[in-house]
Amino acid sequence: MVRHGGFARAAALSGIAALILTAAGCAATAPEPAPSPTVPVYVSTYETPAPTELAPLRGTTVPAGSLAHSAIAAKVDNHWDARPQVGLESTDIVYEELVEGGITRYVAIWQSTIPELLGPVRSIRPMDPDIAAPYGGIIAYSGGQQRFVNLMQATPVYNAIHGMGDTANTFFRTDSKRAPHNVLVKATEVVAQHADIPAPAQQWAYSLDAASSSAAKEGAPVSAIHYRFSNMFDGSWTYDPDSQTYLRIQQGSADLDSSGNQLRATNVVVLRVGVVDDQGVPKTLLEGSGEAWISTGGGTIHGTWSKASQTEPLQFTDDRGFGIRLGAGNTWVELVPTRGSVEFTAAG
């Protein structure tokens with residue numbers, strides 16, 4: 001029995017040892033646990049965009065601070081001997097006004113793009129202070145009756161006048177045109193000389209583009225705008241759907257810039273204005289209010305213009321009294337006398 005019991009215990013111990021060895025063997029050959037999946041580290045590539053702002057005289061989006069300089073306006077000749085003018089294709093705003101002899105001249109304004117040269121410039125007229133004053137900056141012209149020069153110099157605008165000491169190196173007569181239609185201005189140099197003059201305030205409300213303007217969304221579809229300043233002078237604008245701009249025509253012919261391209265505008269604003277005789281000089285009356293049509297993106301909206309004072313900008317409201325938004329881009333303003341005429345050709 002003892003021998004049997006000892007044998008039993010030995011067998012049991014042997015079995016336990018075998019189990020331990022088997023377990024050890026199993027442990028030794030068991031596969032390694034699968035590694036935990038690697039979680040990728042997220043690295044952002046987002047870069048904060050550079051700040052932007054609106055060009056004050058166009059409503060287009062530009063890098064912030066890129067237009068921190070004054071506007072330059074000029075009294076630009078529109079006599080046929082002055083055409084094609086220099087720099088008109090890069091204007092922000094152009095006002096066309098009646099002068100002596102039934103013809104027109106321009107007050108053109110640049111700020112978004114200052115051309116190297118502009119002109120030809122001519123003499124100042126009595127309504128020009130009311131046009132130029134809200135923009136501040138600089139106005140370039142070739143002189144004029146002293147009473148009109150005095151009015152212009154009384155505005156908050158720097159007067160750069162041909163023949164004066166401060167313009168001796170920046171105004172010159174070009175050989176490519178006949179006098180008196182040949183005075184050009186080195187515009188970039190003039191602006192650089194007056195770096196202390198600030199940028200102009202935004203004048204008008206703008207939509208993102210022509211298609212979202214008040215006229216395009218709420219106005220009547222119009223394909224052409226015809227106007228007459230006098231028995232001597234008329235013009236028109238024809239809408240080009242491909243570019244969403246209006247192409248300029250004077251007295252039946254395409255109005256071309258100095259590169260041979262037809263002048264165009266994103267917005268055409270027609271204002272009916274009173275004109276009085278100021279000792280033989282037509283004077284457009286711009287303080288007050290009157291009838292207006294604003295054309296953008298192939299649509300024309302009717303409304304009212306108003307100007308509270310010389311230094312206040314023009315305001316445009318529709319027939320319900322709501323402000324009118326122009327399309328982002330350049331603007332031509334036709335100051336058509338009430339004795340003149342305006343006609344619109346319906347689209348389609």
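The rules we used
- For every chain, the first residue of its written sequence is number 1, and the numbers climb from 1 along that sequence.
- With pLDDT at 70 or above as the cut-off, local features in this predicted model cover only qualifying residues; side-chain atom pairs require 80 or more to be listed or tallied, and sums for whole chains, interfaces and linings still use all residues.
- Computation of side-chain values: all heavy atoms of the structure, hydrogens and water removed.
- In DSSP terms, a helix is any run of H or I states spanning at least four residues, a strand is any run of E spanning at least two, and both are numbered starting from the N terminus.
- C-alpha atoms define the radius of gyration, and 2.2 Å times the number of residues to the power 0.38 defines the globule rule.
- Burial status follows relative accessibility: with a 1.4 Å probe on protein chains alone, a residue under 20% of its type maximum counts as buried, one over 50% as exposed, and anything between as partly exposed.
- Two residues form a contact once any of their heavy atoms are found within 4.5 Å.
- Every accessible area reported is derived by Shrake-Rupley at a probe size of 1.4 Å, with residue values counting cover from the shown protein chains alone.
- When charges are tallied, Lys and Arg are placed among the positive residues and Asp and Glu among the negative ones, while His and the ends of the chain are skipped.
- For charged residues, the charge sits on one atom: NZ in Lys, CZ in Arg, CG in Asp, CD in Glu.
- Think of it this way: DSSP has to see at least two bridges between two strands before they count as a pair.
- The definition of a nonpolar core used throughout is a set of buried Ala, Val, Leu, Ile, Met, Phe, Trp, Tyr and Cys residues joined through side-chain atoms within 4.5 Å.
- As a per-residue measure, pLDDT tells how confident the predictor is, with possible values from 0 to 100.

Chemist: Just to check I follow, could you spell out the overall build of the protein for this structure?
Modeler: Within the protein one finds five helices and 25 strands. Its C-alpha atoms give the protein a radius of gyration of 37 Å, clearly above 20 Å, the size a compact globule of 348 residues would have. Dimensions along the principal axes, computed over C-alpha positions, put the protein at roughly 150 × 50 × 40 Å. Looking at the protein as a whole, 49% of its 348 residues are labelled buried. Across the protein, every contact between residues at least 6 apart in sequence was considered, and the portion connecting residues at least 24 apart equals 61%. With an accessible surface of roughly 16,800 Å², the protein has 56% of that area assigned to carbon and sulfur atoms. Distance between charge centres in the protein, computed from 23 positive and 33 negative side chains, equals 4 Å.

Chemist: Please explain the sheet that holds strand S9 (residues 171-173) as it appears in this structure.
Modeler: Two strands in a sheet stick together by hydrogen bonds in their backbones, pointing the same way (parallel) or opposite ways (antiparallel). One open sheet accounts for three strands, arranged S6-S10-S9; its pairing is antiparallel. The sheet is open, and its two edges are formed by strand S6 (117-118) and S9, each paired on a single side. Summarising the sheet, S6 and strand S10 (residues 183-186) pair through two bridges and their orientation is antiparallel. Pairing of Leu118 across the sheet is with Val185, part of S10.

Chemist: I tried to follow the environment of Pro63 on my own but got confused; where do I start?
Modeler: Looking at the secondary structure, you find Pro63 in strand S2 (residues 61-63). For the pair formed by Pro63 and Ala50, sequence separation is 13 residues and the distance between their alpha carbons is 7.0 Å. Pro63 has contacts with Pro51, Thr52 and Glu53, leaving out every residue within four places of it along the chain.

Chemist: What's the story with the environment of Ala154 in this structure? I'm lost.
Modeler: Note on placement: Ala154 falls in the loop between helix H3 (146-153) and strand S8 (158-161). Here Ala154 falls in the exposed class, since its relative accessible area comes to 66%. Put simply, Ala154 and Ala133 are 21 residues apart on the chain and 9.5 Å apart in space, counted from C-alpha to C-alpha.

Chemist: What should I look at first to understand the nonpolar core in this one?
Modeler: The nonpolar side chains of soluble globular proteins are, as a tendency, buried together. Ile72, Tyr95, Trp204, Leu271 and Phe316 are the most contacted members of the largest nonpolar core, which totals 75 residues. If sequence neighbours within four positions are ignored, Phe316 has contacts with Trp204, Val269, Leu271, Ile294, Thr304, Trp305, Phe322, Gly323, Ile324 and Leu326.

Chemist: What's the story with the pairing of S10 in this structure? I'm lost.
Modeler: When a strand is regular, its side chains alternate between the sheet's two faces. Two strands pair when backbone bridges link them, and S9 and S10 are joined in this way by three bridges, in the antiparallel orientation. Bridge assignment links Phe171 to a residue of S10, and that residue is Val185.

Chemist: Explain the confidence of the model for the protein here, please?
Modeler: Residues shown with low pLDDT carry predicted positions that ought not to be read at fine detail. Scored by pLDDT, the protein comes out at a mean of 92, with 91% of its residues at no less than 70. Below a pLDDT of 50 lies the segment residues 1-27, which in the model reaches zero contacts outside its immediate sequence neighbourhood of four places, other chains included.

Chemist: Looking at this structure, I do not really get unusual backbone geometry. What am I missing?
Modeler: Generally, phi is negative for residues other than glycine and the peptide bonds are trans, each holding for most cases. Omega for the peptide link from Arg83 to Pro84 comes to -5°, which places this bond in the cis form. Assignment of secondary structure puts Pro84 in the loop between strand S3 (72-76) and strand S4 (93-98). Here the amide bond leading from Ala179 into Pro180 is cis, since omega sits at 5°, within 30 degrees of zero. Within the secondary structure layout, Pro180 lies in the loop between S9 and S10. Within the chain, Gln244 stands out as a residue other than glycine whose phi angle is a positive 55°. Here Gln244 shows up in the loop between strand S13 (234-240) and strand S14 (245-250). Look at Gln251: it is not a glycine, yet its phi comes out positive at around 50°.

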